[in-house]
Amino acid sequence: MIDLYSTATPNGHKIHIMLEECGFPYRMHHIDIGAGDQFTPEFLAISPNNKIPAIVDSKGPDGKAMSLFESGAILVYLASKAGRFLGTTDREKFTTLQWLMFQMGGVGPMLGQAHHFRLYAPEKIDYAVNRYTNEAKRLYGVIDKRLGESAYLAGDTYTIADIATFPWLRSWKNQGIELADFPNVQRWFNEISARPAVQKGVTLFTDVRKPITDDKSKEILFGATQYAKH
């Protein structure tokens, strides 16, 4: 049994989709990031960076329980456990990891900044909005070019690179993107959206995730509470 600690965000959805794709049994534990659940000692014990998602696998590689945080690491772990979605040859594995790192180091952080300055910043800063919107468009362009060369990010097979990237592109409107401007991305996006595991994965925790609109939640996520020592 895998215990899943998460909420309905792009990083969370990566792992929700992966668990569904792999068919692993799991228990859901909601972490209300707007209420500060991520700072409890219990959660910090498994996710010291106070970020979701995190998992605890009751049967780790040595038969003992193992906890993991960081969505990219969790994806690699689950792919290794399942023997799927990572590739079989060294070439396939490293190509998959290359595009996974592209998501972790570029797509997630940069689109996250675009979200923040376009939607959540207390004052509109044109320089920041333009910088991250333009970077979002550049990244979509990189993905579109790649998907013009192959069916999926790592080649002809659906992998954790696609699972990691897809949830971040679901909010393309909020990133200042017109998906029709990137036809290869749109083709890939529609294909992945139709997968049953994806359709199930993106619904997890949506019934309990609250919009970040009140001042208290914004302070917890973006203010002093976020940067305090925990």
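Residues numbered from 1 in each chain as written. Predicted model: local features only at pLDDT ≥ 70, side-chain atom pairs only at ≥ 80, totals over all residues. Heavy atoms only, no water.

> Describe the overall build of the protein, and please don't skip the residues or the numbers.
The secondary structure content of the protein amounts to 10 helices and four strands. The linear arrangement of helices and strands in the protein, starting from the amino end, is β-α-β-α-β-β-α-α-α-α-α-α-α-α. Computed over C-alpha atoms, the radius of gyration of the protein comes to 18 Å, within 12% of the 17 Å expected from 2.2 N^0.38 for 230 residues, which places it in the range of a compact globule. Dimensions of the protein along its principal axes, counting C-alpha atoms only, are 50 × 50 × 30 Å. Counting across all 230 residues of the protein, residues that qualify as buried make up 49%. Sequence-distant contacts in the protein: of pairs separated by 6 or more residues, those separated by 24 or more amount to 66%. Of the accessible surface of the protein, which amounts to about 11,500 Å², a share of 52% is contributed by carbon and sulfur atoms. (Helix = DSSP H or I, 4+ residues; strand = E, 2+ residues; numbered from the N terminus. Rg over C-alpha atoms; globule rule 2.2 N^0.38 Å. Buried < 20%, exposed > 50% of the residue type's maximum accessible area, 1.4 Å probe, protein only. Contact = heavy atoms within 4.5 Å. Areas by Shrake-Rupley, 256 points an atom, 1.4 Å probe, with all protein chains shown as cover.)

> An account of the packing of helix α4 (residues 90-120) against helix α5 (residues 126-147) is needed here, citing residue identities and associated values.
At a minimum axis separation of 8 Å, α4 and α5 run at an interaxial angle of 150 degrees. In terms of orientation, α4 lies roughly antiparallel with respect to α5. Here α4 and α5 pass one another in a crossing that is left-handed. When α4 is examined against α5, the residues T95, W99, F102, G106, V107, M110, L111, Q113, A114, F117 and R118 are found in contact with a partner set consisting of A128, V129, Y132, T133, E135, A136, L139, Y140, V142, I143 and R146. (Axes fitted to C-alpha atoms, helices over the stretch in contact; angles between N-to-C directions. Parallel < 35°, antiparallel > 145°, perpendicular 65-115°, else oblique. Left-handed = near helix turned anticlockwise from the far one by under 90°.)

> Summarise the UniProt feature "domain: GST N-terminal" (unreviewed entry) in the protein; cite the residues concerned and give the values.
Look at the UniProt record and you will see "domain: GST N-terminal" (unreviewed entry) annotated at residues 1-86. Across residues 1-86, the secondary structure splits into 34% helix and 21% strand, with the terminal C-alpha atoms separated by 22 Å. (UniProt positions renumbered as here; feature names shortened; annotations may be inferred.)

> I'd like a description of the side chain of T96, backed by residues and values.
Relative to the assigned elements, T96 resides in helix α4. Filtering out sequence-adjacent residues up to four positions away, T96 remains in contact with F85, L86, A154, T159, I160 and A161.

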